[in-house]
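Letter by letter, the chains look like this.
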Amino acid sequence: MKKRVGIEALAVAVPSRYVDIEDLARARGVDPAKYTAGLGAREMAVTDPGEDTVALAATAAARLIRQQDVDPSRIGMLVVGTETGIDHSKPVASHVQGLLKLPRTMRTYDTQHACYGGTAGLMAAVEWIASGAGAGKVAVVVCSDIARYGLNTAGEPTQGGGAVALLVSEQPDLLAMDVGLNGVCSMDVYDFWRPVGRREALVDGHYSITCYLEALSGAYRGWREKALAAGLVRWSDALPGEQLARIAYHVPFCKMARKAHTQLRLCDLEDAADAAASTPESREAQAKSAASYDAQVATSLGLNSRIGNVYTASLYLALAGLLQHEAGALAGQRIGLLSYGSGCAAEFYSGTVGEKAAERMAKADLEAVLARRERVSIEEYERLMKLPADAPEAVAPSPGAFRLTEIRDHRRQYAEGN
Ligand code: HMG
């Protein structure tokens, strides 16, 4: 496994509407500071039944191919990571293949493990290429989801939706991955789940945060052990985690990235050779360092704070948000990424930002993607939430975007905007 492999480019698709998070707080009789300062949110994407997982995935994948000039005949694998699938059998990936008129000579399948499903697909693609099995072909991995907890629930301000499409290849212009150094941790827990047939997730909210932090610790320590052995980081005045230029986390709500970063630092502080010389309280205070959070994490959260949770895509929105602003400055530097999916599984991995990352991100034009959205009132958001999932309203898709138009004889019909 000696090849350079990783993410060559990405594209983002978001729902056409959003609510201001302070409007939602006021409508629920909650102090807006709880949602802004307490959860770290600014805006929340709102989907309607026409913007389903397939439509969002197809929009992101089509955008990736168009913006980055991808030759479809080079795609040998199309994977969709999602936990908002629309069929027990037919994968979202097949729909995307059909809607984009992609060639038949490719593997197509979906991967599922809550928010970790996208990373599971990404790792399958990376290892497929690194092993040589891809024989020079590229993979497209799409993370597409709609986070839905329901009206008047504690999870309501942490909803969202969208998709991120990743081009994975031997030309990792965005992120050359440290293949084989991943740390993983999985456990059988009931922190968040959505039984078959339910539209809304069930969640033990505070317990889910505990599970996330515990799984992060296992995954990070696993990565650190391998990174130390490979000489990528070392125990020195700077903690191993501090030797990563930035760290992008799975972001169910922005404040979670702060909690995650504190936990990661705590792992290093507890495991350092001089740990016995400090108290748990002093380590906790040091772990919470605002300077460390500002330097390593804060810049990645711009998109997440305006879109909300996008389950499988949340980590990759954080990566996109980070590179949108810092690709040039980070070229040649190593960053860390933490994926978490309830149920649960976590994976920590690292990679080096490519020299052409800024050029690739400019083509993704993320500001324009957000600027096209419409802000809606809480009344309109509630109306959209109450629409049945199988009865999309007759709304023309915007240029380049796909929409579900109807379900005829159990077959989903889509249209693309011109
Ligand atoms: P809650 O219980 O309503 O909120 O739900 P809270 O009371 O815990 O308050 C939240 C924060 O706001 C706290 O900050 C408060 O102090 C603060 P913290 O102590 O945590 O730092 N606060 C205020 N700050 C300023 N001014 C105020 C104020 N009032 C309170 N006036 C909860 C919060 C996240 C639990 C809920 O929204 C929820 O259940 N969300 C869904 C679950 C979730 O996102 N879990 C995250 C970990 S699991 C995960 O990431 C996987 C997931 O993405 C799914 C998948 O894998 O598929 C969810």
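Residues numbered from 1 in each chain as written. Predicted model: local features only at pLDDT ≥ 70, side-chain atom pairs only at ≥ 80, totals over all residues. Heavy atoms only, no water.

Going by an unreviewed UniProt entry, the protein chain carries the name Hydroxymethylglutaryl-CoA synthase and comes from Myxococcus xanthus. According to its UniProt record, the protein chain has this under Sequence similarities (unreviewed entry): "Belongs to the thiolase-like superfamily. HMG-CoA synthase family." (UniProt positions renumbered as here; feature names shortened; annotations may be inferred.)

### A few points about the overall build of the protein chain
When you go through the protein chain residue by residue, the secondary structure sums to 14 helices and 17 strands. Taken over the C-alpha trace, the protein chain has a radius of gyration of 20 Å; the compact-globule value for 418 residues is 22 Å, and the two agree within 12%. Its C-alpha atoms give the protein chain principal-axis dimensions of roughly 65 × 55 × 40 Å. Taken across its 418 residues, the protein chain has 58% of its residues classed as buried. If you take every contact in the protein chain between residues at least 6 apart in sequence, the share linking residues at least 24 apart comes to 75%. Of the roughly 16800 Å² of accessible surface on the protein chain, a fraction of 49% belongs to carbon and sulfur atoms. Counting 45 positive and 50 negative side-chain charges, the protein chain places the centres of these two groups 4 Å from one another. (Helix = DSSP H or I, 4+ residues; strand = E, 2+ residues; numbered from the N terminus. Rg over C-alpha atoms; globule rule 2.2 N^0.38 Å. Buried < 20%, exposed > 50% of the residue type's maximum accessible area, 1.4 Å probe, protein only. Contact = heavy atoms within 4.5 Å. Areas by Shrake-Rupley, 256 points an atom, 1.4 Å probe, with all protein chains shown as cover. Lys, Arg positive; Asp, Glu negative; His and termini not counted. Charge placed at Lys NZ, Arg CZ, Asp CG, Glu CD.)

### Quick notes on the pattern of salt bridges
In the structure shown here, the tally under the stated rule is 24 salt bridges. The partner of Arg360 in a salt bridge is Glu8, and the shortest N-O contact between them spans 2.8 Å. Of the two residues, Arg360 sits in helix H12 (residues 357-364) while Glu8 sits in strand E1 (residues 6-13), which places them 352 residues apart along the sequence. Across the pair, exposure class does not vary: Arg360 and Glu8 are buried alike. With a shortest N-O distance of 2.6 Å, Arg28 and Glu156 are connected by a salt bridge. Taken together, the residues span a long stretch of sequence, with Arg28 in the loop between helix H1 (21-27) and helix H2 (32-38) and Glu156 in the loop between strand E6 (138-147) and strand E7 (160-169) at a distance of 128 residues. Note on accessibility: Arg28 and Glu156 belong to one class, buried. One connected set of salt bridges, linked through shared partners, spans Arg221, Arg224, Asp268, Glu270 and Asp271. (Salt bridge = Lys/Arg side-chain N within 4 Å of Asp/Glu carboxyl O.)

### Examining the site of the ligand
Contacts to the ligand come from 28 residues, most closely from Lys34, Glu83, Cys115, His206 and Lys259. Take Asp31: an N or O atom from its side chain is 3.0 Å from a nitrogen atom of the ligand. In this structure, Ala154 approaches the ligand through a main-chain N or O atom, which is 2.8 Å from an oxygen atom. Every element with two or more residues in the shell around the ligand is listed here: H2, helix H6 (205-229), helix H7 (254-271) and strand E13 (334-341). (Near = heavy atom within 4 Å. Polar contact = N/O pair within 3.5 Å; in protein donor to acceptor, adjacent residues only side chain to side chain.)

### A few points about the sheet that holds strand E3 (residues 43-46)
Strand order in this open sheet of three strands is E3-E2-E15, and the pairing throughout is mixed. Each edge of the sheet is formed by a strand with only one pairing partner; in this case those strands are E3 and strand E15 (374-375). Relative to E3, strand E2 (residues 17-20) runs antiparallel, the two being bridged by four bridges. Residue pairing for E3: Val19 is matched across the bridge by Met44. (Pairing = 2+ DSSP bridges.)

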